[in-house]
Amino acid sequence: MLDRDSGVPLQRQVSDQFAALVRSGRLRPGDTVPASRVLAQQLGVSRNVVLRAYELLRANGFLTARHGSGTRVADSGTTGRTTPVPPTTSRAPLSPQPPRPTDTGEGLWQPWEPPPVQHASHALDFRHGTPALASFPVAHWRQSLNTVLNRADHAMLGYGPAEGSPALRAEIATLVRQSRALDAGPDRVVVTGGATQAMDILVRTLIEPGDVVVIEDPSHTVLRQIFGASRAAVVPVPVDDEGLRVPDIDARVRETGHDPARVRLVYVTPSHQFPTGRVMSRARRRALVAWARERGATVLEDDYHNEYTFTEERLPALAAEPHQDVVVYAGSFSKTLFPALRLGYAILPRPLVRPFLGVKWITDRLTPTIEQEALADFIARGAYARHISRTSRLYRQRRRRLLEALDEHFGAGVRISGESAGLHVLVTLTALRGVAEDEIARRAAAREVRIYPASGYYVQDPPAEPSFLMGYAALTPERITEGVARLAAAARETDLPRPA
Ligand SMILES: Cc1ncc(COP(=O)(O)O)c(C=O)c1O
């Protein structure tokens, strides 16, 4: 039911009503949604209205579009939440109600369940984002922990500073100055529980109801969740070979029924766009910062594994001078060391430091002190730099082996993107155009190989050919060779459904 006189853009009305249907349980996870053309006809609107509404719903986690299997209601993971709550009247007898999580009201968002923990398996797992954990120098880490515990006094066991250990903040300031040309004093560095917490706190610090957050399309689903959990409207803007299409931001924001003047935050991954792996060009970086200055928006630079860049030329961080007043930098030790460490950091423009710390304090007070001190010691004694240079060599070899093996088995039937940096590449199996990604992943899994479909990361234009994220950091060259051979065998299966 659309109200053409309400002043609310039609695509917004369509997406709000879908969201309400999902929340009330009338649309359930896995349900398909009507084809855009059909729904447009039923509603008497242009197909673009429906396409934009679906896009908003995908950006906010209500719908997923999988290459080859259409658009469906996403898994909500919120059992109970989808049960309609009976209306209460003043005379209704009081009866026990199951606890109900808060509803984000008008926000187009549903919380997702955390992904299941991955247990070690025999499968050849090309999961992206897992570093070479087997190569982590446990003995050196133990030494740093012991050093800290041996000198720990009562003061170290109390509530420490919300901004983090002075020693670690000084080490981080040196690291980013040397590797990212980002010359920030330790007073602008705040230690967080991973980059994820840095980004979540930033959103809580900056965003007000009605604000707009611009994200890259495609982008990481976790980030869409962080932004979607706020009262902001999340607007995806496409990425091309040079990175986020900055000149399109205003038009895209308007098309989704919002005002470009309300853009408060623009999220980007300039060193290695997630998941395409492209590096943002100089021209685009300049354009983005100029755009943000003009609009009074803040840019969030997620530099989640910048340490691993395999090309000669390396661009400085976006947050480096002269852009430090509009860019917040988020860094992480999850890829260089190990994800369970839960240590990351934000480097903030000075006026944001105190408000950010206010939110950090109510979120978790501070990040665990002993691990912070141990990491400062680990960096100071050179163990961190040695580990990075060792893993860089390892990842170069593994990446080369993956690219060679894909070429050997798929030849002209494969396209690779994002091989100049990071711990994964985006692999498009052009020879299997028309075959559903999930089907290929299932066939590979039957041969004990895990690969990860990419189209779920796209809001607007999922790839026309089956595409997968393939992480190589945690697999030896021999395992990579074996994994690609098995994947190729799965791709050759004669009963694989192929288009006529
Ligand atoms: C795009 C992106 N940003 C940031 C992170 C780092 O998150 P954290 O430091 O919280 O582990 C990841 C980890 O996978 C990521 O993929």
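That block above? That's the structure.
Now for a look at the structure at hand. (Residues numbered from 1 in each chain as written. Predicted model: local features only at pLDDT ≥ 70, side-chain atom pairs only at ≥ 80, totals over all residues. Heavy atoms only, no water.)

**What to know about the overall build of the protein chain**
At step 1: The helix and strand inventory of the protein chain stands at 15 helices and 16 strands.
At step 2: At 24 Å, the protein chain has a C-alpha radius of gyration in line with the 23 Å of a compact globule built from 500 residues.
At step 3: A buried classification covers 54% of the 500 residues belonging to the protein chain.
At step 4: Within the protein chain, contacts between residues separated by at least 24 positions form 74% of all contacts whose residues are at least 6 apart in sequence.
At step 5: For the protein chain, the accessible area works out to roughly 22,700 Å², and carbon and sulfur atoms hold 53% of it. (Helix = DSSP H or I, 4+ residues; strand = E, 2+ residues; numbered from the N terminus. Rg over C-alpha atoms; globule rule 2.2 N^0.38 Å. Buried < 20%, exposed > 50% of the residue type's maximum accessible area, 1.4 Å probe, protein only. Contact = heavy atoms within 4.5 Å. Areas by Shrake-Rupley, 256 points an atom, 1.4 Å probe, with all protein chains shown as cover.)

**Observations regarding the site of the ligand**
At step 1: Around the ligand, the neighbouring residues are Gly194, Ala195, Thr196, Met199, His220, Tyr267, Asp302, Tyr304, Ser332, Ser334, Lys335 and Arg342.
At step 2: Within the side chain of arginine 342, a nitrogen or oxygen atom sits 2.8 Å from an oxygen atom of the ligand.
At step 3: If one sorts the elements of the shell around the ligand by residue count, helix H7 (residues 194-206) sits on top with four residues.
At step 4: Class assignment of the residues belonging to the shell around the ligand gives a composition of four nonpolar, five polar and three charged. (Near = heavy atom within 4 Å. Polar contact = N/O pair within 3.5 Å; in protein donor to acceptor, adjacent residues only side chain to side chain. Nonpolar A, V, L, I, M, F, W, Y, C, P; charged D, E, K, R; others polar.)

**Some words on the sheet that holds strand S11 (residues 344-347)**
At step 1: The mixed open sheet is built from eight strands, whose spatial order is S4-S11-S10-S9-S8-S5-S6-S7. If you trace the sheet from one side to the other, it starts and ends with strand S4 (189-192) and strand S7 (243-244), each paired once.
At step 2: As judged from the two bridges shared by strand S6 (residues 233-240) and S7, these two strands associate in the antiparallel manner. Bridge pairing in S7 places aspartate 240 opposite glycine 243.
At step 3: Of the strands in this sheet, S4, strand S10 (327-332) and S11 are in contact with helix H11 (residues 350-364), which crosses S4 at around 20°. (Pairing = 2+ DSSP bridges. Axes fitted to C-alpha atoms, helices over the stretch in contact; angles between N-to-C directions.)

**A closer look at the sheet that holds strand S16 (residues 467-471)**
At step 1: The antiparallel open sheet is built from four strands, whose spatial order is S12-S13-S16-S15. Looking along the sheet, the strands with just one partner apiece sit at the ends: strand S12 (415-417) and strand S15 (452-453).
At step 2: Running over the sheet, helix H13 (residues 383-410) touches S12, strand S13 (424-428) and S16 and is turned about 10° from S13.

**Details of the packing of aromatic side chains**
At step 1: Applying the stated rule across the entire model yields 14 aromatic pairs.
At step 2: Taking 5.5 Å as the distance between ring centres and 85° as the angle between the ring planes, the aromatic pair formed by phenylalanine 18 and tyrosine 54 counts as edge-to-face. Taken together, the positions of phenylalanine 18 in helix H1 (residues 10-24) and tyrosine 54 in helix H3 (residues 47-59) put the pair 36 residues apart, joining distant regions of the chain. Each member of the pair, phenylalanine 18 as well as tyrosine 54, is classed as buried.
At step 3: Ring geometry for phenylalanine 333 versus tyrosine 345: centroids 5.6 Å apart, planes at 50°, classification tilted. Separated by 12 residues along the polypeptide, phenylalanine 333 in the loop between S10 and S11 and tyrosine 345 in strand S11 bring together distant segments of the chain.
At step 4: For phenylalanine 333, a relative accessible area of 1% gives the class buried.
At step 5: Of the residues examined, tyrosine 345 reaches a relative accessible area of 3% and is grouped as buried.
At step 6: Each member of the aromatic cluster is reached from another via a ring pair, and the members are Phe136, Trp141, Phe338 and Phe378. (Phe/Tyr/Trp six-rings, centres within 6.5 Å; stacked < 30°, edge-to-face > 60°.)

**Here's the deal with unusual backbone geometry**
At step 1: In the segment running from aspartate 217 into proline 218, the intervening peptide bond is cis, with an omega of 10°.
At step 2: Structurally, proline 218 is set in the loop between strand S5 (212-217) and helix H8 (221-228).
At step 3: With an omega dihedral of 5°, the bond running from phenylalanine 274 to proline 275 counts as a cis peptide bond.
At step 4: Residue position: proline 275 is located in the loop between strand S8 (263-268) and helix H10 (282-295).
At step 5: Its identity is not glycine, yet alanine 181 carries a phi of approximately 55°, on the positive side.
At step 6: Within the fold, alanine 181 resides in the loop between helix H6 (166-180) and S4.
At step 7: If you check the backbone angles, glutamate 448 has positive phi at about 65° while not being a glycine.
At step 8: With respect to the helices and strands, the residue glutamate 448 is situated in the loop between helix H14 (437-446) and strand S14 (449-450).

**Comments concerning the nonpolar core**
At step 1: Phe333 and Ile451 are the most contacted members of the largest nonpolar core, which totals 87 residues.
At step 2: If sequence neighbours within four positions are ignored, phenylalanine 333 has contacts with Ile172, Leu175, Phe338, Leu341, Leu343, Gly344, Tyr345, Leu375, Ile379 and Tyr384.
At step 3: Counting residues in hydrophobic clusters, the runner-up holds 29 residues, among them Ala198, Ile226, Leu352 and Val359. (Core = buried A, V, L, I, M, F, W, Y, C linked by side-chain atoms within 4.5 Å.)

**What to know about H13**
At step 1: If you check H13, its first and last C-alpha atoms are 40 Å apart, about what 28 residues at 1.5 Å a residue would give, namely 40 Å.
At step 2: In the segment just after H13, glycine 411 is the residue with positive phi, at about 50°. (Expected span 1.5 Å × (residues − 1).)

**Brief notes about the environment of valine 268**
At step 1: Within the fold, valine 268 resides in strand S8.
At step 2: Classification of valine 268 as buried rests on a relative accessible area of 0%.
At step 3: Sequence separation between valine 268 and arginine 66 is 202 residues, and the spatial gap between their C-alpha atoms is 24 Å.

**With respect to the pattern of salt bridges**
At step 1: Under the criterion given, the structure shown has 27 salt bridges.
At step 2: Note that glutamate 255 is salt-bridged to arginine 252, the shortest N-O span being 2.6 Å. On the criterion of helical spacing, the pair formed by glutamate 255 and arginine 252 is a turn pair, its members being three residues apart in helix H9 (residues 249-255).
At step 3: Between arginine 433 and glutamate 465 there is a salt bridge, with its nearest N and O atoms 3.1 Å apart. Pair noted here: arginine 433 is in the loop between S13 and H14 and glutamate 465 is in the loop between S15 and S16, with a separation of 32 residues, a long-range link.
At step 4: The partly exposed category is assigned to arginine 433, whose relative accessible area is 47%.
At step 5: Here the residues in one salt-bridge network are Glu439, Arg442, Arg443, Arg447 and Glu493, joined through shared partners. (Salt bridge = Lys/Arg side-chain N within 4 Å of Asp/Glu carboxyl O.)

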